[in-house]
Amino acid sequence: MSADTHKPGLSVLDRPNSYIGKTVPRPNLDRLLQGRGQYVSDIVLPRMSHVVYLRSPYAHAKIVSIDATDAKKMPGVVAVVTGAELAKVITPWVGVLSHMKGLKSAPQHAIAVDRACWQGEAVAAIVASTRAQAEDAAERVIVDYEELPAVVNPRTALDPSTPVIHPDLGDNLAFTRTLDAGAVDKAFAESDKVIDVEFLFGRHTGVTLESRSIVADWSVGEARMTVYLGTQAPHMVQNIVAKHLALDEAQVRVLCKDVGGSFGIKVHIYADEMATCALSKLLRRPIKFVADRIESFNTDIHARDHICRGKIGVNNDGKINAFEIDDLTGVGPYSMYPRTSAIEANQIVNLVGGQYTTPNYRARAHVVFQNKNVMCQYRGVGHPVACSVTEGLVDMAAQAIGMDVLEIRRRNLIPDDAYPCDSPAGLKFEALSHHVALNKLAAMMNYDGLRAEQAELRKKGIYRGIGIATFIEITNPSAAFYGVGGARISSQDGVTVKLEASGSVTCQTSLTEQGQGSESLTAQIVGSVLGVSMNRVRVTLGDTDNTPYGGGTWASRGTGIAGEAALQAAKALRSNILDVAAHILQGKPEDFDIVDGVVVGAQDGQQRIDLPELARIVYFRPDTMAPGLQPELMATRHYVPRQYPFAFTNGIQASWIEVDTNTGLIKLLKHWMVEDCGTIINPQLVDEQIRGGIVQGLGAGLFEHCIYDERGQLTNANMADYLVPMSVEMPDIEVGHVVSPTLESELGAKGAGEAGTAGAAAAVSNAVNDALSPFGVTITEIPLTPKLILTALGRI
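In this text, all values refer to a predicted model and were calculated from it rather than measured experimentally.

This brings us to the overall build of the protein chain. Secondary structure summary: the protein chain contains 19 helices and 31 strands in total. Its C-alpha atoms give the protein chain a radius of gyration of 28 Å, near enough to 28 Å, the size a compact globule of 796 residues would have. Counting only C-alpha atoms, the protein chain reaches 85 × 75 × 45 Å along its principal axes. Considering the protein chain as a whole, with its 796 residues, one finds that 63% of them fall into the buried category. Look at the contacts in the protein chain between residues 6 or more apart in sequence, and 80% of them connect residues 24 or more apart. Put simply, the protein chain shows about 29000 Å² of open surface, and 50% of that area lies on carbon and sulfur atoms.

Next up, the structure:
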């Protein structure tokens, strides 16, 4: 910034040289585009061996015996280890949280000891010099199984005639919750129309570009474990590896370098990754595990397998009187550790109807065990299901009373001037913007014009539909999410910022980077506060030895929590720098500012001393400074939200589609979204996060489905049969913004990473039903496959 444009007294958000609110290139962009990223699979260490896990072909089976005699003689084989042998090194875990009352689960081992409880659970580990040698040897391991009855249907999981997967638990019920707010029965009795339908949601998974990978390196000499892992929460992993391998946390270092996508898939503790750590300690050498794609489909957590009964009461004037849901989900044979498999159902109970004014809401949720792969948190965590149920019911209510779908929402969304307020489920809203967002969306998409076009096309036998979905999104979670339940998952994040002797800036953050721009937003904030170029800010993340303790990157918390910590750390360092400058220049700290890496006069903008020279004096000529003055050119700050358990955001999406009623194919024509994530640090990063989330949401709505047969076999565990959205099928996605900063932090940022996923499936489902409304058809199941549509139309 030139001196003549300097304006003292402006906040970091308003200063002319601030990067806040500006689109700037990611610092890691060139390196990644050149193919120079460093992923776990790239790591090679001396004496490193590779592990392949032999996995159960059965959904439920007793392990009668394992004969590895021939396998151990194969070339390159280091060891063949069974679950019983590994259990001497690593303890089992139980995925429960104390604040989830009644949640239960059986102990889970790193490798199955006596029973395999889903197709794909590891029953033995084969360690060899190369991956190929380990795979060859795995074929020579003979396992004698006794197949057991498999529980595969959540509807019958609690029936007396259904086998109990873990007899010690008494039944297959993992968790249940009920909520009853207001006067629900009275509200339904007084409603002019009551709609009661069942929604079905297909189980699916994250399909990250980079599969799960880990290198565990136990150093006997140092008595220390180094874990190279593509994870979202390094400090959480550090704690759990130490706990179950009988180590102190200081004996475990977790390094997270580049990660090829995560979406919540890589925030969990997986049995095979824990087994890899235990094998490294057992065999006293580095061990690498890289999941292949079939393993990924069978062992990466699945999500959103729900059967949800939904009910809405509405008056003829459009007033929504009540919501009621009864949700059933089958999660797998264990509750996932440590975040549990009950959070998704719990979130659905919390979120349904939350954006609307009605105080009458009743909800029930049942989480049951079954012999399928484990389910847990995946991008959006309950939001897509809750949004689809809520917005599907609202559209059906509008149709029942003959009201426009935007109008019924206008009459029922919480007014923008009603905050702060609480939802019937007890959610606390600081400030949302439903009505401003709705009006902006209507203008962006030319809603009235599209309705006119739709009517004309129907006369020609062309069936297009408009789908609307409003939503609320949980971001910036406090300790209310996991900490209160006893899990050592930090709700705070920490950032250290220091001025190096060269005058450049180093920033160490507890965030991790999986592609969402953590490195960029941190550099933008720090550079803006310090008044230095982003090119002079180097960001280090994903290393428990070198970054402050923090929660990491999940639940749309990175910018709102770690961003605020970066802001406060940079402010503290800036104050320290100006104290030193004031001493050198014989003035007062308030007399100076920092612009473009130079200390300038606060009033005249004249350059006084640049940061390299100031750093030179502090680091190499402290003898020239006053006795007793000890400059600190480093500052660390942590931040955690305290006033609100969560910082809620909101938004609204619209989908414009065409259905071919002869083939059942859906063509996506255009998609719009308006969201409010508070202060926007980098508009391009926010927009692309939203677009990516929408694509994942459309994938769930139209394509993605983990299909199991009656024996618990996953029938489409490959990229040929498991469909994902491709670029050629995706529509143009237009994104707009409303800005309502949270007042709990100085930065005012909320999260945006899951907003696109939250409403996309609901919007496209409503659009399809709108297109099919002339046929009297309403579909309440996803994914919306051609077969499903043609069946609903009576064509097949």
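With that settled, the discussion passes to the sheet that holds strand β26 (residues 607-610). One open sheet accounts for three strands, arranged β24-β25-β26; its pairing is antiparallel. Taken across any chain shown, the strands that pair with only one partner, and hence form the sheet edges, are β24 (592-595) and β26. Pairs of neighbouring strands in the sheet enclose a mean axial angle of 30 degrees, with direction left out of account. The strands touched by helix α15 (residues 558-585) are β24, β25 (598-601) and β26; relative to β24, the strand with the most contacts, the crossing angle is about 120 degrees. Contacts from helix α16 (residues 611-620) reach β24, β25 and β26, with the element oriented near 55 degrees to β26.

Turning our eyes to something else, we now look at helix α10 (residues 383-401). Over its 19 residues, α10 extends 27 Å from the first C-alpha to the last, a length consistent with the 27 Å expected when each residue adds 1.5 Å. Here α10 lies mainly inside the structure; 17 of its 19 residues are buried.

Take the sheet that holds strand β28 (residues 647-659) next. Pairing is mixed across the open sheet formed by four strands, whose spatial order is β20-β28-β29-β30. Looking at which strands have only one partner, the edges of the open sheet turn out to be β20 (463-475) and β30 (732-737). If you compare each strand with its neighbour and ignore which way they point, the axes differ by 15 degrees on average. Inspection of the sheet shows β28 paired to strand β29 (residues 666-676) by 10 bridges, in the antiparallel sense. Paired with tryptophan 656 across the two strands is lysine 670, which belongs to β29. On top of the sheet, helix α12 (residues 434-445) reaches β20, β28, β29 and β30; it is set at about 140 degrees to β29, its chief contact. Together, β20, β28 and β29 form the strand contacts of helix α18 (residues 755-771), whose direction differs from that of β20 by roughly 155 degrees.

So, on to the environment of glutamate 590. Mapped onto the elements of the fold, glutamate 590 is located in the loop between α15 and β24. On the basis of relative accessible area, glutamate 590 is assigned to the exposed category, the value being 54%. Placed 60 residues apart in sequence, glutamate 590 and leucine 530 show a C-alpha to C-alpha distance of 15 Å.

Right, let's get into unusual backbone geometry. Residue proline 338 is reached from tyrosine 337 by a cis peptide bond, and omega for that bond is -5 degrees. The residue proline 338 is located in the loop between β16 (320-332) and α9 (343-351) in this model. Note the cis peptide between isoleucine 782 and proline 783, where omega equals 5 degrees. A positive phi angle, near 55 degrees, is found at asparagine 446, a position not held by glycine. Looking at the secondary structure, you find asparagine 446 in the loop between α12 and α13 (447-459).

Right, let's get into the packing of α15 against α16. The packing of two helices is summarised by the inter-axis angle and the distance between the axes. With their axes 11 Å apart at the nearest point, α15 and α16 run at an angle of 80 degrees to one another. Between α15 and α16, the angle falls in the class roughly perpendicular. For the pair α15 and α16, contact is made by Ile577, Val580, Ala581 and Ile584 and by Leu611, Leu614, Ile617 and Val618, respectively. Class assignment for the residues of the contact of α15 with α16 results in eight nonpolar, no polar and no charged.

Under the criterion given, the structure shown has 44 salt bridges. Across the pair aspartate 171 and lysine 104 runs a salt bridge whose closest N-O atoms are separated by 2.6 Å. With a gap of 67 residues between them, aspartate 171 in the loop between β6 (142-147) and β7 (173-181) and lysine 104 in the loop between α3 (83-86) and β4 (115-116) connect regions that are remote in the sequence. Among the residues examined, lysine 104 registers a relative accessible area of 22% and is labelled partly exposed.

The next thing to look at is α9. Summarising burial for α9: nine of the nine residues are buried, a large majority. Those residues of α9 that sit buried are Ile343, Glu344, Ala345, Asn346, Gln347, Ile348, Val349, Asn350 and Leu351. One or two positions beyond α9, positive phi appears at glycine 353, with a value near 70 degrees.

Our focus in this paragraph is the packing of helix α17 (residues 683-702) against α18. For the pair α17 and α18, the least separation of the axes is 7 Å and the interaxial angle reads 40 degrees. Put simply, α17 runs oblique to α18. Classified by chirality, the crossing of α18 by α17 is right-handed. Across the interface between the two elements, Ile690, Gly693, Ile694, Gln696, Gly697, Leu698, Gly701 and Leu702 of α17 pack against Gly756, Thr757, Ala760, Ala761 and Val764 of α18.

It is worth spelling out the side chain of serine 490 at this point. One can find serine 490 in the loop between β20 and β21 (493-499). Only 3.2 Å separates the side chain of serine 490 from the backbone nitrogen of glutamine 492, close enough to count as a polar contact. Serine 490 has contacts with Tyr549, Gly550, Gly551, Trp554 and Arg557, leaving out every residue within four places of it along the chain.

Moving on, we come to the packing of aromatic side chains. The final tally for this structure, using the stated rule, is 13 aromatic pairs. Look at tyrosine 58 and tyrosine 145: their rings are 5.3 Å apart centre to centre, the planes differ by 70 degrees, and that puts the pair in the edge-to-face class. With tyrosine 58 in the loop between β1 (49-55) and β2 (61-67) and tyrosine 145 in strand β6, this pair connects stretches of sequence that are 87 residues apart. When the ring of tryptophan 93 is compared with that of tyrosine 337, the centres are 5.9 Å apart and the planes differ by 20 degrees; the resulting orientation is stacked. A residue pair is termed long-range when its members are at least 10 positions apart, and tryptophan 93 in the loop between α3 and β4 and tyrosine 337 in the loop between β16 and α9 qualify at 244 residues. Linked through ring pairs, Phe429, Phe481, Tyr482, Trp554, Phe646 and Phe648 together constitute an aromatic cluster. Residue placement shows lysine 311 over the ring face of phenylalanine 188; its charged tip is 4.5 Å from the ring centre.

As for its placement among the helices and strands, aspartate 770 is situated in helix α18. In this structure aspartate 770 comes out as buried when scored by relative accessible area, which is 16%. Beyond its immediate chain neighbours, meaning those up to four positions away, aspartate 770 contacts Arg451, Gln454, Arg458, Arg464, Gly465 and Ile466.

Predicted confidence across the protein chain gives a mean pLDDT of 96, with 98% of residues reaching 70 or more. Note that pLDDT drops below 50 for residues 1-9; the model gives that stretch 15 contacts with residues more than four away or on any other chain.

Turning to the pairing of strand β17 (residues 361-369), a few remarks are in order. Among the nine residues that make up β17, seven are buried, leaving the element largely enclosed by the rest of the structure. Across eight bridges, the pairing between β7 and β17 is antiparallel. Bridge pairing in β17 places aspartate 180 opposite arginine 362. With nine bridges joining them, β16 and β17 adopt parallel strand pairing. Pairing of glycine 332 across the sheet is with phenylalanine 369, part of β17. Viewed along the sheet, the connection from β16 through α9 into β17 turns out right-handed.

Rules of the game
- Residues numbered from 1 in each chain as written.
- Predicted model: local features only at pLDDT ≥ 70, side-chain atom pairs only at ≥ 80, totals over all residues.
- Heavy atoms only, no water.
- Helix = DSSP H or I, 4+ residues; strand = E, 2+ residues; numbered from the N terminus.
- Rg over C-alpha atoms; globule rule 2.2 N^0.38 Å.
- Buried < 20%, exposed > 50% of the residue type's maximum accessible area, 1.4 Å probe, protein only.
- Contact = heavy atoms within 4.5 Å.
- Areas by Shrake-Rupley, 256 points an atom, 1.4 Å probe, with all protein chains shown as cover.
- Pairing = 2+ DSSP bridges.
- Axes fitted to C-alpha atoms, helices over the stretch in contact; angles between N-to-C directions.
- Expected span 1.5 Å × (residues − 1).
- Parallel < 35°, antiparallel > 145°, perpendicular 65-115°, else oblique.
- Nonpolar A, V, L, I, M, F, W, Y, C, P; charged D, E, K, R; others polar.
- Salt bridge = Lys/Arg side-chain N within 4 Å of Asp/Glu carboxyl O.
- Left-handed = near helix turned anticlockwise from the far one by under 90°.
- Polar contact = N/O pair within 3.5 Å; in protein donor to acceptor, adjacent residues only side chain to side chain.
- Phe/Tyr/Trp six-rings, centres within 6.5 Å; stacked < 30°, edge-to-face > 60°.
- Lys NZ or Arg CZ within 6 Å of the ring centre and 35° of its normal.
- pLDDT = per-residue confidence, 0-100.
- Right-handed = clockwise from strand over helix to strand, strands pointing away.

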